[in-house]
Structure formats: C-alpha cells, structure tokens
Amino acid sequence: MTDISIEPLPAKPPRNKWLDIWTQLGKHKGAMLGGGFLLFITLGVLFGPYIWTIDPQKIDIRNRDLRPIFTALFDSDAKVRWANPLGTDQLGRDGLANLMAGGRASMAVGWTAMLLTLGIGTIIGVVAGYFKRLDGPLMRLTDLFLSLPILPLLLVAVTLFREPLRASFGPEGGMFILIVSIIGITSWMPTARIVRGDVLALKEREFVLAARSIGTTQTNMIKRHILPNVLSPIMVSATLGLATAIITESALSFLGVGFPSDFPTWGKMLADAVDRMENFPERVLWPGLAISLTVLSVNYLGDGLRDALDPRIRGR
Amino acid sequence: MKLRALLMGAIASTAMAPMAMAERGSDGNVSIIYWQAPSILNPFLSGGTKDVEAASLVIEPLARYDENGTMVPYLASEIPTVENGGVSEDLTTITWKISPGITWSDGSAFTSADVKFTADYCMHPEGGCAQVTKFEGVTSVEAIDDLTVKVTFGGATPFPYGPFVGGESPILQKAQFEQCMGAKAPECTEANFNPLGTGPFVVTEFKPNDVITMKANDNYRDPAKPAFASLTFKGGGDATSAGRAVMETGEFDYAWNLQLAPDVIAKMEEGGKGTPVAGFGPLVERIMLNNTNPDPSLSAEERSVIRPHPFLSDPAVYKAMSMAIDRPLLVEVGYGKAGKVTCNWIPAPAAVNSTTFDCSTQDIAGANKLLDDAGIVDTDGDGIREKDGVPLSLVYQTSTNAVRQDFQALIKQMWSEIGIQSELRNISGSVFFGGDPGSPDTFQKFYADVEMYANTFNGTDPQSYLANGLCDKAPSPASQWQGENISRFCNDEFDALHAELTTTADIAKRAEISKRLNDIIVENGGMIPLVHRGRLSAHANTLGGVVLNVWDSELWNAADWYRKEGS
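Residues numbered from 1 in each chain as written. Chains lettered and ligands numbered in written order. Predicted model: local features only at pLDDT ≥ 70, side-chain atom pairs only at ≥ 80, totals over all residues. Heavy atoms only, no water.

As named in an unreviewed UniProt entry, chain A is ABC transporter permease, taken from Phaeobacter gallaeciensis. The annotation that UniProt attaches to chain A under Sequence similarities (unreviewed entry) is "Belongs to the binding-protein-dependent transport system permease family." As stated in UniProt under Subcellular location (unreviewed entry), the record for chain A gives "Cell membrane". (UniProt positions renumbered as here; feature names shortened; annotations may be inferred.)

Shown next, in the form of structure tokens:
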C-alpha cells in the first residue's frame, strides 16, 4: 500500500459566494439606502394597516379637507386633527390609511408584474440564445411585441376580458390579474434581448465546452452553467421592471382605466389630487413622493446588485 | 300728519331720483369677457353660443324668453296664443303683430317685410342656415300688412314658437341682407360683421376672434336706455382667467359661463370685485335605474333588453335608495352655487317643475324601515339585504370625471347604510357617451344596474325630451342600441299621457301634463334625480341689472344694465 498523498485541508472553508456578494453590496451606499427604504416601504404597506386601522374607503364628510398635522406649525388657521396626521381628502378619507392601502395595490402590481416579466424574459432569452434554430423566430416575436403600444392594448383588453375575470375573481381581483398580465406580457422584451446576448457569448466560452465534453445534458447545462452567469443582467432588468410596472399602473389609474374608482392606488390618488393641487399640495406630494422614492430606491438597489453579482467586478 | 306725508313724499322722490336721472349713455363704458371669441355676428351662419350671444346685443327677435323661461314680447306687441286668436284653432298658423314705431339703428322703419325676409333667408335651400331647425315644418311666411306676419306650418304644431323667438332666431334687415341670399350668404362679410339691428347697441368695430366695440343705439325704442354709452366685448382666454378678470382684478364687468369647481369660484369671489350668478336650465344629474336585467350571463339579445330587473323594479328598493341620498351634501361637494337639490327629471322652466316630491333631507331610518316592511332583509348576516334570495348588490357606473367619482363614493357609502352594496365603475367619457354599438360600455347599452350622468334639452318646451320615457324608445340590438329611453322605462299611462301632450296647445295645460309625466317616471322607478345643475357667470359688483338667463342669450337684457351709484 502506498500512502495516498492527502491534500492538506484549507485552513478555513472558502467563503460562501452569497456572503461575498453581500459584503460587496454592503460597500455600495446607494444600494444599501435604496434597499433599506424599499424594505421599509414594503413592510409599511404590508403591516401598517394593522397598526393604523382606519378604513381607507371610509367617508367622514365632517372632517374633509383636513391638512397634514405639520401645517399647524406654519399656518395656525389650518384645519388639522391628530386623528388624521396626513390630513384627509375632499370626502374625508384618511390620507395615511389611503397611502398605505394604495401602496399595497401598487407594490403588489409592481412585484407580481416584475416576476412575470422576469420569468417570460429569461426563458425566451435563454432559449433563443442557446438553441440556434429557435433564435430567429423568438427574436422576431420579441420585435413584434416591442412594437405593441401598451396603453391601447390595455384598453382593448379591459373591454374584452373585464367581464369574465370580474365574474371569476371579483372586480378588484379580476382587474389585478388583467393589469399584471398585460404589463408582464408587454414588458419582457428588453430582458429577453439582454439575456440572449449574454447567453450567446457564454455559449462559446471554454467552461461550456468542457462541460459539454463530459456529457452534461442540455437542461443541466442551462441550469448549472448558463443561468448563474446571466443572473446579473437579469437582476438589473428585474429592478427596472418593478419600477416600470409601478409607473404603468399609476399611468393607468391616472387615465381612469383599471381598478374601481374607490380602490386606492398611488397613481389614482395622484390623479384625484391634481385638481386641488394649489390648495392641498400634500395630496399630490405624498403619493408622488412614494412612487418616485420607491422607483429610485429600486434602481439604486439594482445598480448595487449588478456590481455585487458580477464576479469580475466583485472584490475590486 | 300732513307734514309727515310731505316728508315721506320728499324722501320717496329722492329715492326715485337716480332712476329718473338715468338717461341714454350716462354710465360710460361696460366691458364683457367671453372666453370663447365671436367670429361672426350673424347667428344664422354660426351655431356657436358665443356668436349668438354677441349678436343678441345688436339684433333682436320678435319675442324672447325671460329668466323663468316664459315668453315676453320684444318687437311683437303680444305673444300670439289660441285664446287671443294669434294661433289658429287647428294649430297650423301663427300670426305675429309687430309693435308700431320700431326703427332700425339706421333710422328706417322695422316692418313685416324684414320678418318675412329673415325666414326666406334662413330657409333658402342653398343657404346652409345654422338655425334652420327653428323653421322646421314652416311652409310659408306671409306679410299680411306692414305690422302683421303670418307663419303657416305643414301640420298641426302645438308649439309654434320656433321661428322669430329667442336669441337664435332674430330678425335681419332686408335692405342690408337682400344681396346675401343662399350661397352668397357667407360672402357678405361687411353685413355679417356689422349687422344693423333694433337692439340697444350698434357695432362700431368688429375684429373677428378678438374684440368687438359697440356704442349705444341712438334709435333704440326706449329713450332712456341703454345706460352705457359704449360697450367692449372681449373674446378669448379661458374660464379661469375670465373669472379672475371680473372677480379678482375687476378689469371686466361680466364674464360668461365659468365652468369651475365650487372651491375655485369661492376663492375668486374672495377677491371682492365681483359676484358669481347662477342660472338654471333643465340640466339634471341623475341616477338611471335599469328596468331590465343586466346579468352578464344572459346573451346579447336578452341582456339589458327584455327580462325585468331582479330587485330594482320593487318600489321599496328604489324609493329607499332615493331616500338614503343626502342631496344637499352632494350639491355642496360637487357644484356649490351652480347646483340645486332636485327630485324632478324636468326641474325647469319653473312652470313645468313639479312640486310633488320632497327629497331635500336624507332619511336613512325611513329607508331602512321601508325595506324592512317590504320584507327585504338581510337573511345571511353579511350586511347586505336580499330580495327573494338575490342580494341587493349593484354595479354603479358613470363617466370618468372627478366630481362624478366623488358622488359615486358618497352614494356608495349612503347606500351601504341601508344594506345595499354597490360596485363602482367609471368609463372614459368618450367611450361612455360615444354610442358605439360595438362597445359594451356605452350608457345606451347600460350593462350595469344603475348609471349616473346628466342630460338636458334645448328651448323651453319639454315635449320631445319627455318622449325619452316612451316604451318604444328603449335601446335594443334591433335598433343598433340607439334610443333615448335609457332606463328601459315602460308605463302605459306615461305613453298615453305623452300622446295627449302632442295634441295639446294650451300652454298651462301642457305644463300640467309635463309635470304629471315627470311624476310618473320618478314615482315608478325610471330614475333618481340628484342635482339640478346650472350655468355660472360672474358680474362686477358695480354692474347692476344683470339677470342671468339660460333660456335665451345671457345678454338678453343688456339694455337694462347700469352702473351702480358710488362707483
């Protein structure tokens, strides 16, 4: 028996890849701030209504047109009330409760539509990049979808599918599904294009050749070798997708198609407040600020994630 | 005693003095702003309100409507009726008597030839007259003598006051327009821009789409009027700036049609230079009740066409729904001074406004009791009442508009207090009122249980508007979804009474029938009227004599305007 030379064990285990990413992300101030704010606003809209229990749709006509509580600081005549710290609208609906309820709707639409976009985009991108024969047809399909105008499409879809969806999921649920799927269906194309480009380049790399030479199946090839390497562009387009989805939903509510008129979303609150912008600027300010800050923080987070996820940038 | 009487007489005479001293042209200049600029002063060549109203300062009809919608003679000596023999027994002719001594502003006499000429001018087959509907059914106009005109209609016309009545049908001077008949009408720029008239003012300069300057008519029939020596009529801008110019800065004396939110108007009024005035035509914001079943599971031939509604046809339900609505609050939130509480479909003119109903107070308790007594109660404990197992759950649709969405939210809450649930829908106005038979969202299709919008009629006679309640006017696939009976209201008594209206000439009797028709449709669940909406204009605090009139030109009594003392 000859001694088998034993490789000396490393002094400490190799650092986990995700830990590395986290360390790298921690160095990106914008990403940390953005992520923190996104977490705050997500938790706020999720759990806020359990703490602030006023019904956002409840009309309290005697207490309408209240100003936010802080207006009392510079305008002693302002109508304010501690029970409505962010004031009330022209029908006496509480501003804070509406902001949280609106955020729930907007964020739910944003996240779901983003995940849908991501799913479709990644699948189409990887398939088009990896299988040469499918590349042409899939990319022409992408071009086709890119040329679809989203708003007219949505108006048609609302007309066609509102009734059946309403019958099966209720007015709010049905509209949610409709809006999410339309946004998902019309915004996956950039993701697909980016992913395809990256896959095309990756496919020619040596490690892919090596993997193929040892007989890796195509499914495993995609799962083990391709996908992890295109994660960084996917993440970036995910963050951008969330922002686009929130903005599209706001635009729809602003135009008056979409959710029922008494179902608050940030976009709807903004649209309703425009008429009285001069007298009650806070009604435009709060939902506007919420939309912009969410979108901004998501963008920063995406920026940081891209840096952290790319092994070539990481550690530098 | 005698001394006291004398003193009182003296006081009375000093009080009268300003009136007595008023003479033509004593009050300087008056300035009017319309945020749409007039482009022509011949109302027969333009349907625009701005042009018709600007022209009404210069040219006049035989009779006008006053602020209550009642006809008053202007150039005629009296209003012809069947009683005074002016309208024939068979309702086919009307004979106007012109009051003697009226002259045009150039000094020539106003005669029946001018009246006949005006009819020929508008009815000219090549003319393209904008007001030709006023002359509908007219077969001939004859000048009997210098001061008598006879209009003959093709058939019995119970309301023969189309031609020569109101600001849209004034009299043109034959001598001036004789060369401008038919196709040549638009070419007579000089006449169209500077028509001679019998009214209180004469055009001195007309700049199309900008400004008109006028001076008092020296030959006006009342020697003391108008009080103003000159008039400036400025056109253009927008409603907000027009309102500001009168109420905040005081640059102008009169601003027309300020379609602005009540709080915006209130803020302008704080400027202290002017006052908003509201005039009320027959425009009513209402909730239409669907008398047919809009269930989406029915086919296109049946949905909202034939089947009765599962619960809206129950009097207890629609009466309770009406009682639960706090109309004064709706007015306050949505329209302010430009709205009034109404329970009627036809709230104006005053003569046809029914007084049968009172709905000025909200009565939640009464509404609840009404439903309880009718056996419509909440049986499964979800807070919504059921009628024969069908929950009182409504789809409530309207067009997209800030005020309407506020109304929807308020009414939804009011109805929820009596156990009626509603789901709100708002549809873009261009689709909702678009009338496209292919769209499921038009107000004619009415694929909802209740819907809210406003409607009105032109003129003062509601006969054709009342026809909107006739059973055979209901929209259906057979009529390509056209038809004005939106609520699919069907009532034999209503149809019979309306037939009676079309053959009745007496004005008082017509008003009586109109009121009863209104009562039938409101009482039997055709609609729930909410707010009587008005038109809002503003005048400077120093301008006196303004009486807002929605039945005729707003400037109908400009001859009576004056500058208030101390300003």
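Moving on, there is more to tell.
Caption draft 1: How the structure looks around the pattern of salt bridges. Residue and element names in this part refer to chain B. On inspection of all chains with the given rule, the structure shows 33 salt bridges over all chains. For Glu-178, the salt bridge goes to Lys-174, with nearest N and O atoms at 4.0 Å. Put simply, Glu-285 and Arg-533 hold a salt bridge, and the shortest N to O gap is 2.9 Å. Of this pair, Glu-285 sits in strand 12 (residues 284–289) while Arg-533 sits in strand 19 (residues 527–533), placing them 248 residues apart in sequence. Neither residue differs from the other here; Glu-285 and Arg-533 are each classed as buried. (Salt bridge = Lys/Arg side-chain N within 4 Å of Asp/Glu carboxyl O. Helix = DSSP H or I, 4+ residues; strand = E, 2+ residues; numbered from the N terminus. Buried < 20%, exposed > 50% of the residue type's maximum accessible area, 1.4 Å probe, protein only.)

Caption draft 2: Geometry of the UniProt feature "transmembrane region" (unreviewed entry) in chain A. All names here are of chain A. Here the UniProt-annotated "transmembrane region" (unreviewed entry) positions come out as residues 31–52, 108–131, 143–161, 173–195, 230–259 and 284–302. Taken end to end, residues 108–131 is 96% helix and 0% strand, and its first and last C-alpha atoms sit 34 Å apart. Along residues 173–195, the helical share is 91% and the strand share 0%, with 32 Å between the first and last C-alpha atoms.

Caption draft 3: Summary view of the packing of helix 4 (residues 95–130) of chain A against helix 7 (residues 189–203) of chain A. All names here are of chain A. Across the interface, helix 4 lies against helix 7 with an axial gap of 7 Å and an inter-helix angle of 35°. Where helix 4 crosses over helix 7, the two elements pack in a sense that is right-handed. Packed against helix 4, whose contacting residues are Thr-117, Leu-118, Gly-121, Thr-122, Ile-124, Gly-125, Val-126, Ala-128, Gly-129 and Tyr-130, the element helix 7 presents Thr-191, Ala-192, Val-195, Arg-196, Val-199, Leu-200 and Lys-203 at the interface. A per-class count over the contact of helix 4 with helix 7 returns 9 nonpolar, 6 polar and 2 charged. (Axes fitted to C-alpha atoms, helices over the stretch in contact; angles between N-to-C directions. Left-handed = near helix turned anticlockwise from the far one by under 90°. Contact = heavy atoms within 4.5 Å. Nonpolar A, V, L, I, M, F, W, Y, C, P; charged D, E, K, R; others polar.)

Caption draft 4: Expanded view of the interface of chain A and chain B. With 20 residues of chain A at the contact, the number on the chain B side is 23 residues. In total, chain A and chain B occlude about 1,900 Å² of area from one another, counting both sides; carbon and sulfur atoms represent 45% of this. When the buried surface of chain A facing chain B is broken down by residue, Ile-59, Arg-162 and Ser-261 of chain A rank first, second and third, together holding 23% of it. Our count for the contact surface shared by chain A and chain B stands at 3 salt bridges. Its salt-bridge partner being Arg-166 of chain A, residue Glu-423 of chain B comes within 2.9 Å of it at the nearest N-O pair. (Buried area = accessible area lost by both parts, 1.4 Å probe.)

Caption draft 5: Quick peek at the environment of Ile-212 of chain B. Residues and elements named next belong to chain B. In this structure, Ile-212 sits in strand 8 (residues 211–216). Remark: the alpha-carbon pair of Ile-212 and Lys-116, spanning 96 residues in sequence, is separated by 29 Å. With near-sequence residues (within four places) excluded, Ile-212 lies in contact with Pro-38, Leu-41, Ala-54, Val-203, Glu-205, Phe-206, Leu-231, Thr-232 and Phe-233.

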